[in-house]
Amino acid sequence: MMACVTHCVPNMKATAQLRPYQALTGVTLSHPRHRSFFPPRVDVSKQLTDNPMPETIEKQQIHIVVQGPDEKSDACSVAPAHSGLHHAASSQWTMPTPSLTSSQSCASLSASHRAPSSEGTTLTNVLYSSSSTPNLSRASFKDNTQYPPEITIAASEVKRNDRGRIIPKLTGEFKKGFYVEPGQTDFDNPQGYGDWAPQIHPDGALYFFDSKRRIYTDADLSMQGEREIISHYAEKLHRQAREKAGFPYNTCELVLERIGKQGCGYYFVEPGKRCILWLTAVPSEQIIRHLERVQSLTHIKYAMEAEYWMHCMHFPNNWSLTTGVLAELEQMILHAIADSITSTTSVIPFDQEELAKMLDLTDRLKGAISEPFLHAKCIVARFMENFALAKFFNFCGQPGARLNSDQSIFRKQKPRHSLFIKILSLCLFCAPCDYAKELDGIWVDKVINRVLWKQFIAKLNDDWSSLALTATVVLNANVAFLSLVVDATLARTFSFISTVTSVGVVILGLILVRQNQRKDQNSAEQANVLLTRTSHPVFGTEALAIIYSLPYALLMWSMVFFIFAFACMVFGSARAVTKSAFSVAGGLVCAFVFWTVWTTRATREKMDPAGSN
């Protein structure tokens, strides 16, 4: 028995090399609360309602399928393929895909049907043997035609936090309330769920677990129709998994996710290998989270591990927290702390304060390994998922792995600024170019660095607040100046312009600060959405850089016009001695300002000659 990754296509021979592969552009995003890299995913729920047939998308993808020795293959493959959202295999729908083989990943999957490794997580219940398998005769699938084919999903596509369920209003006898019987101590739901046992997640979510067949679902099994749909897909998928040669059926767990009115998504979990798997080939688009240039199984394994840990976080009741996992997490946190202390361009998705808190939590969890509580499992799984995603998005283990946060691994040269922003920077006191460089260092290869973005937003808020305060001072000075100067028309004109620009600084500062103080603005997901929406194929993030520079530029112009107004008043009515003194003092101040600007910019260009364009 052997499990491997392959693709089959009529009249096409398997080769022993990996072909170049181009994935979708975009980026990423973790758990909805703690996303460090996640990009938005494609919504698969519309498959069943909008178009039940899979549409062909002209994109090269890596496809993954489990194959046994009966299919006459002893190697694993990665190949470009034309794919859309991938349905599971059925007698009606087929999707031929080209094949290439690579022997490297066979070993990892060929052993997946054996007993799980001692490292990592372990199952807490007895293995599901064929003797305990329920009678899944083909007669029970007579009504298959009324259900759509099952859909392959990933663990990150389980929409637990976005189900839109509501608590119904009280009706009938419940309007008057109900009684608690004398001496009642059992408050479990009297309604039976058959083999399904309700489980409560530490976050409060309700899900169900079938311990005999090791199946999880978030479906509302209190409804008879939901139980029938879930039971149908559970029996069908278990039968297919048991009959598929080489599939690690005895050690796998199954997760079912209701999609649409009668549809269902699924994935299997192999705890011993820290990965999820399916019965059919799956397009890599569903796994790689829109990351570009993914072309190696050794790279995809980190995405699969992140999906596995997200599964453990969603369903923590049936796996054990081991000392090995806790020690691994502790060592990763310690290395991350050292890296963030000694490097200003660390790729770690957490800052030093967050890492210190994570290390303290991990230390406290050592005494909870033997405890039956689920909270420790969720904490560890959440941290492990974030570290796995960091490895995936930084191409860990690949020849061109990203080792610095500002390092581009898709191009050798840093992005050059357009002539448009260079000209506009001359009018806005070089602020747009400075902000554009900072954004280029934060959003490298369209992958957001959450730590740098958080620091950038905090600095912007401080800058805008101080600029708005300074603008109010200039505004008061202009009001006082206008009340003193009556006859000097040119001076009053410049003062009016200075007043308007000062008001603009205050308004823009308030708007931008309020925009950045939203609770989700510091998340990597929202930052990626903002940068993607404002990015241009030619100008990149220059439009956003110009917007961020407006408060500073307008305040500078307000100061300039106020100086012009004051100079007009001095040269229009003052004595010669006053004019001379004003000219000398003004000349010295201008010389000092230009000297400071020139020195600081020259020093910065020497430190970063490639980014000075």
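Draft legend 1. Region of interest: the overall build of the protein chain. Along the backbone of the protein chain there are 14 helices and 15 strands. For the protein chain, the proportion of its 613 residues judged to be buried stands at 47%. Approximately 31500 Å² of the protein chain is accessible, and the part contributed by carbon and sulfur atoms is 60%.

Draft legend 2. Summary view of the packing of helix 12 (residues 524-534) against helix 13 (residues 542-573). Viewed as axis vectors pointing N to C, helix 12 and helix 13 meet at an angle of 105 degrees, and their least axial separation amounts to 8 Å. The angle between helix 12 and helix 13 places the two elements in the roughly perpendicular class. Here Leu530, Leu531 and Thr534 of helix 12 lie close against helix 13, whose contacting residues are Ala543, Leu544 and Tyr548. A per-class count over the contact of helix 12 with helix 13 returns 5 nonpolar, 1 polar and no charged.

Draft legend 3. Structural context of the pairing of strand 9 (residues 253-259). The buried count for strand 9 comes to 7 of 7 residues, which makes it a mostly enclosed element. The side-chain alternation of strand 9 yields two buried faces, one formed by Glu253, Val255, Glu257 and Ile259 and the other by Leu254, Leu256 and Arg258. Two elements, strand 8 (residues 215-217) and strand 9, share 3 bridges in a ladder whose sense is parallel. Each residue of the ladder has a partner; that of Ile215, found in strand 9, is Leu254. Read as a crossover between parallel neighbours, the route from strand 8 over helix 3 (residues 224-243) to strand 9 is left-handed. With 7 bridges connecting them, strand 9 and strand 10 (residues 263-270) associate as antiparallel partners. Across the sheet, Val255 pairs through a bridge with Tyr267, a residue of strand 10.

Draft legend 4. Layout of a nonpolar patch on the surface. There is a patch of nonpolar side chains on the surface, built from Leu170, Phe174, Phe178, Val180 and Phe187 and spanning about 610 Å² of accessible area. One can find Phe178 in the loop between strand 5 (151-152) and strand 6 (196-200). On the basis of relative accessibility, which here comes to 66%, the residue Phe178 falls in the exposed class.

Procedures and definitions
Residues numbered from 1 in each chain as written. Predicted model: local features only at pLDDT ≥ 70, side-chain atom pairs only at ≥ 80, totals over all residues. Heavy atoms only, no water. Helix = DSSP H or I, 4+ residues; strand = E, 2+ residues; numbered from the N terminus. Buried < 20%, exposed > 50% of the residue type's maximum accessible area, 1.4 Å probe, protein only. Areas by Shrake-Rupley, 256 points an atom, 1.4 Å probe, with all protein chains shown as cover. Axes fitted to C-alpha atoms, helices over the stretch in contact; angles between N-to-C directions. Parallel < 35°, antiparallel > 145°, perpendicular 65-115°, else oblique. Contact = heavy atoms within 4.5 Å. Nonpolar A, V, L, I, M, F, W, Y, C, P; charged D, E, K, R; others polar. Pairing = 2+ DSSP bridges. Right-handed = clockwise from strand over helix to strand, strands pointing away. Patch = residues over 30% accessible without salt bridge, like charges linked within 9 Å, V, L, I, M, F, W, Y side chains within 5 Å. Salt bridge = Lys/Arg side-chain N within 4 Å of Asp/Glu carboxyl O.

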